[in-house]
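Summary of structural features
Residue strings, one per chain:
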Amino acid sequence: MNETYDIAVIGAGMAGASLAAELAPHAKVLLVEAEERPGYHATGRSAAFGEECYGGPDVVPLTLASGPYLREHGMLSPRGALYIGRDEDEAAIEAFMERFASSGVSIERLGRESLQRRIPGIHQAWRHAVSEPACADIDVAGLHQHYLARARAGGVELRCRAALAAAERDGDGWRLSLGSAGEARAGVLVNAAGAWADWVAELAGARALGIQPLRRTVAQLRTAPQPPADLPLVLDISGAFYFKPEHGKLWLSPHDETPCPPCDAAPEELDVALAIDRFEHVIDWRIEAVEHKWAGLRSFAPDRLPVYGFDPGVPDFFWFAGQGGFGIQTAPAAARLGAQVLLRLPRDAMTEALDEALYAPGRFV
Ligand SMILES: Cc1cc2nc3c(=O)[nH]c(=O)nc-3n(C[C@H](O)[C@H](O)[C@H](O)COP(=O)(O)OP(=O)(O)OC[C@H]3O[C@@H](n4cnc5c(N)ncnc54)[C@H](O)[C@@H]3O)c2cc1C
């Protein structure tokens, strides 16, 4: 198999699948995935929420621009979010309000009474909160399948069990070795390899940007009482935990960010224990069982913003990486913008407010 494509996208997680779908009407695209099935790594392990402040003010435009597409395609269920704090966290709560004041998100301060009403059983010490009512659960598998189906309908060829092993410049494009999945040629090589993004860049002769995978752990708990179905996503204002209900169970994370080489990440007992200990300082529910636990890698560029655009040093090498902890909620706008930048297409209603320079790899030169 040594066919020629306009574009080869490496990685079929949310990033690669969504970008391939957006490229499909304009180009002959190959979508390459090392695993047996797409979505095995970060995409299949997310906590499945879209929270407008998550990722910071420079990620907000991508999240807001993605909202209408996610809603139109039925991917969102209302949840609401509360960032909570104790008296000693009041300065952090104020700083949070200020940081997002002109970002376009709608947030408001809440006091003890509202907290008690929204989170039954919360300890007295937790008296301050910021409410972000637009927060929603995202149907992550549904969104990923939606993009894979759109890509397939547009003629994209998906090759699984195909790990990019070598990439060499060949005339105007690339000669790609995909291990036992054969070879391919492509005009443009797209790096949507998630935790492996720096590794893929070096394979193609580009400078690594310092994209660091950080492990994040989630545990599914059986609690007494059961979390109410309308419990909001609850996040510690100081970033020590978050939790949300999921079909009568509780998903709890210690909000860990442990640097980790790219791998099939697994949860550490200590991180689960830490999460439970922190949770027990928040709320008086009994934890009856840890039913399930998992970990995944969230990959961050040094400034924690995503990287979309052509490499400044290597021709026809396009970055679509560094999706951090917001790669699901930003997927629609990120993919649309990525396709427009790659194909030099005009902006549209979804992307007109986005500043592509914020996310360009050239910012690291
Ligand atoms: C625990 C956890 C909770 C999260 N919660 C949320 C959330 O609530 N909301 C949100 O928006 N985001 C969340 N995220 C972040 C989100 O999951 C990621 O930003 C997103 O999935 C990244 O997608 P991706 O396609 O870049 O990476 P991945 O899904 O990891 O896909 C990259 C793919 O590239 C493939 N690949 C790598 N190297 C090669 C190669 N050489 N050849 C071929 N293929 C290769 C890999 O096999 C992999 O499938 C969370 C992440 C974690 C881990």
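Here, every reference points to the structure presented above.
Being a predicted model, the structure only gives us computed values, none of them experimental. Starting afresh in each chain, residues are numbered from 1 along the sequence in its written order. Only residues with pLDDT of 70 or above have their local features reported here, since the model is predicted, and side-chain atom pairs are shown and tallied only from 80 upward, although totals for entire chains, interfaces and linings are computed over all residues. Excluded from the side-chain calculation are hydrogens and water; included are all heavy atoms of the structure.

The next thing to look at is the packing of helix H1 (residues 14-23) against helix H8 (residues 331-343). The relative placement of two packed helices comes down to the angle between their axes together with the axis-to-axis distance. For the pair H1 and H8, interaxial distance at closest approach is 8 Å and the crossing angle is 55 degrees. Taken as axis vectors, H1 and H8 run oblique relative to one another. For H1 against H8, the interelement crossing comes out right-handed. Every residue of H8 that contacts H1 at Met14, Ser18, Leu19, Glu22 and Leu23 is listed here: Ala331, Ala335, Arg336, Gly338, Ala339, Leu342 and Leu343. The classification used treats Ala, Val, Leu, Ile, Met, Phe, Trp, Tyr, Cys and Pro as nonpolar, Asp, Glu, Lys and Arg as charged, and all other residues, Gly among them, as polar. Class assignment for the residues of the contact of H1 with H8 results in eight nonpolar, two polar and two charged. Each axis is a line fitted through C-alpha atoms, taken for helices only over the stretch in contact, and angles between the N-to-C directions span 0 to 180 degrees. The helix count covers DSSP runs of H or I at least four residues long, the strand count covers runs of E at least two residues long, and both are numbered beginning at the N terminus. To sort the angles, those under 35 degrees are grouped as roughly parallel, those over 145 as roughly antiparallel, those from 65 to 115 as roughly perpendicular, and the leftovers as oblique. Helix crossings are classified by the rotation of the near helix relative to the far one: an anticlockwise turn of less than a right angle makes the crossing left-handed, while a clockwise turn makes it right-handed. Contacts between residues were defined by any pair of non-hydrogen atoms, one from each residue, lying within 4.5 Å.

Looking now at helix H5 (residues 140-153). In a regular helix each residue adds 1.5 Å, so 14 residues correspond to 20 Å; H5 covers 20 Å between its end C-alpha atoms and thus fits that length. What H5 keeps buried is the set Val140, Leu143, His144, His146, Tyr147, Leu148 and Ala151. Pairing of N or O atoms within 3.5 Å defines a polar contact, subject to two protein rules: one partner must be a possible hydrogen donor and the other a possible acceptor, and residues neighboring in sequence count only if both atoms are side-chain atoms. Taking the backbone nitrogen of glycine 142 as reference, a side-chain oxygen 2.8 Å away marks aspartate 139 as the first, capping residue of H5. At the C-terminal side of H5, glycine 155 shows a positive phi close to 95 degrees. By this rule, a helix spans an expected 1.5 Å times one less than how many residues it contains. For every residue, the accessible area (1.4 Å probe, protein chains only) is compared with the maximum for its type, and the residue is labelled buried under 20%, exposed over 50%, or partly exposed between those bounds.

This part is about the site of the ligand. Glu33, Thr43, Phe49, Gly324 and Gln329 are the nearest of the 38 residues found near the ligand. Between alanine 47 and the ligand, the recorded distance is 2.9 Å, taken from a backbone N or O atom to a nitrogen atom. Contact distances for the ligand include 2.9 Å between a nitrogen atom and a backbone N or O atom of leucine 164. What sets the accessible areas is the Shrake-Rupley method with a 1.4 Å probe; for residues, cover comes only from the shown protein chains. Against a free-state accessible area of 1000 Å², the protein chains account for coverage of 97% of the ligand. Broken down by secondary-structure element, the contributors of at least two residues to the shell around the ligand are H1, helix H6 (197-203), strand S13 (212-224) and strand S18 (286-300). Element by element, the count of residues in the shell around the ligand is highest for S18, at three residues. Across the shell around the ligand, the residue classes tally to 21 nonpolar, twelve polar and five charged. To be near a molecule or strand, a residue needs just one of its heavy atoms within 4 Å of it.

Each nonpolar core is a collection of buried residues, namely Ala, Val, Leu, Ile, Met, Phe, Trp, Tyr and Cys, held together in the definition by side-chain atoms within 4.5 Å. Counting 66 residues, the largest nonpolar core has Ile7, Val190 and Phe320 as its most contacted members. Setting aside chain neighbours within four positions, we find phenylalanine 320 in contact with Ala15, Ser18, Leu19, Val190, Asn191, Ala192, Val307, Tyr308, Ala334, Ala335 and Gly338. In this structure, Leu178, Ala186, Ala197 and Ala201 belong to the second largest nonpolar core, which totals 29 residues.

A separate point is the packing of aromatic side chains. For Phe, Tyr and Trp, where Trp contributes only its six-membered ring, two rings pair if their centres lie within 6.5 Å, and the inter-plane angle classes them as stacked under 30 degrees, edge-to-face over 60, or tilted in between. Taken as a whole, this structure holds 15 aromatic pairs when the rule is applied. For the pair phenylalanine 49 and tyrosine 54, a centre-to-centre distance of 5.4 Å together with 90 degrees between the ring planes defines the contact as edge-to-face. Look at phenylalanine 49 and you get buried, because its relative accessible area is 9%. By relative accessible area, which is 9% here, tyrosine 54 ends up buried. The interplanar angle of 35 degrees and the centroid separation of 5.0 Å between the aromatic rings of tyrosine 308 and phenylalanine 320 together place this pair among those described as tilted. Here tyrosine 308, found in strand S19 (residues 307-310), pairs with phenylalanine 320, found in strand S20 (residues 317-321); they are twelve residues apart in sequence, far enough to count as distant. Comparing tyrosine 308 with phenylalanine 320 shows no difference in burial state: the two are buried. In this structure an aromatic cluster arises from ring pairing among Trp126, Phe241, Phe243, Phe279 and Trp285. Definition used: whenever NZ (Lys) or CZ (Arg) falls within 6 Å of the ring centre and also within 35 degrees of the ring normal, the charge is taken to sit over that ring. It is lysine 28 that lies over the ring of tyrosine 5; its NZ or CZ is 5.2 Å from the centre. The cationic tip of arginine 169 hangs over the ring face of tryptophan 174; the distance from NZ or CZ to the ring centre is 5.0 Å.

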